[in-house]
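Remarks on the overall topology
So you can see what is in the structure, the chains are spelled out below.
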Amino acid sequence: MKILSRRSFLKWSCVMWALTRLFPAYAGKQLPIQASDATLAAWLDTLIPADETPSATQLGIDRMMLAVARKDPDYRIVLDFGRSWLDQQARAQGAVDFAALDTTGREAIAARAAAAGEAPEYYFFVGTRDEAFGFYYRQPESWPGLGYRGPPQPLGYMNYVRKPARRSDG
């Protein structure tokens, strides 16, 4: 997973701000925020598909992101832009919307967004990917696939009252 540098983060923040401020006509045409959104769900399951661990939608990441969008108008504009862009790309491939595409078609669009460089769809890709992974790995159900059993508490270290044993280096 690539970590954004400070410069990239500032650039991404400026682009997101520009999307929310420079396109007020678009902001007035917001897509409805529902309890579930098929395009967003398909996008998140493309980013985090089910394998040894549940997919993004199986852990409710789509609903978490939509809940944030209901409270944060700037976040909503970014999601609206992304959902519109994804559906537009799917229609160019002959599908009704992004959710109607097969896995190969969805992955091709995700790859296009990831390779877009300085375009808004790239920042949508990076922003939603990072947000989705943040929500996803907070869920204990995602940990077993990583080989992580969880924090040592509340079970703790059962021998906490004993002095740690010295390790022999020999």
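These numbers come from a predicted model, not from an experiment.

Brief notes about the nonpolar core
Core analysis: the largest hydrophobic core is formed by 34 residues, its most contacted members being Trp43, Leu44, Ile61, Met65 and Phe98. Within the residue set of this core, elements represented by two or more residues are helix 3 (38-47), helix 4 (61-71), helix 5 (73-92), helix 6 (103-114) and helix 7 (120-136). Apart from residues lying up to four places away in sequence, isoleucine 61 is in contact with Leu44, Ala56, Ala132, Phe135, Tyr136 and Gln139.

A look at the pattern of salt bridges
Taken as a whole and judged by the stated rule, the model has four salt bridges. With a shortest N-O distance of 3.8 Å, arginine 76 and aspartate 80 are connected by a salt bridge. With a gap of four residues between them, arginine 76 and aspartate 80 both fall in helix 5, about one helical turn apart. The buried category is assigned to aspartate 80, whose relative accessible area is 0%. Each of Asp37, Arg76, Asp80 and Arg83 takes part in a single network of salt bridges with overlapping partners.

With respect to the side chain of threonine 46
Examined against the element boundaries, threonine 46 turns out to sit in helix 3. Within polar-contact distance, the side chain of threonine 46 engages the backbone oxygen of alanine 42 at 2.7 Å. If sequence neighbours within four positions are ignored, threonine 46 has contacts with Phe98, Arg106, Glu107 and Ala110.

As for the packing of aromatic side chains
Throughout the structure, instances matching the rule amount to seven aromatic pairs. Grouping aromatic residues by their ring pairs yields a cluster made of Trp43, Phe98, Phe124 and Phe125. The ring centre of phenylalanine 98 lies 5.9 Å from the NZ or CZ of arginine 106, which sits over that ring.

Examining the confidence of the model for the protein
With 71% of its residues at a pLDDT of 70 or more, the protein shows a mean pLDDT of 82. A low-confidence stretch, residues 24-28 stays under pLDDT 50, and its non-local contacts, those more than four residues away or across chains, total five contacts.

What counts, and at which threshold
Residues numbered from 1 in each chain as written. Predicted model: local features only at pLDDT ≥ 70, side-chain atom pairs only at ≥ 80, totals over all residues. Heavy atoms only, no water. Core = buried A, V, L, I, M, F, W, Y, C linked by side-chain atoms within 4.5 Å. Buried < 20%, exposed > 50% of the residue type's maximum accessible area, 1.4 Å probe, protein only. Helix = DSSP H or I, 4+ residues; strand = E, 2+ residues; numbered from the N terminus. Contact = heavy atoms within 4.5 Å. Salt bridge = Lys/Arg side-chain N within 4 Å of Asp/Glu carboxyl O. Polar contact = N/O pair within 3.5 Å; in protein donor to acceptor, adjacent residues only side chain to side chain. Phe/Tyr/Trp six-rings, centres within 6.5 Å; stacked < 30°, edge-to-face > 60°. Lys NZ or Arg CZ within 6 Å of the ring centre and 35° of its normal. pLDDT = per-residue confidence, 0-100.

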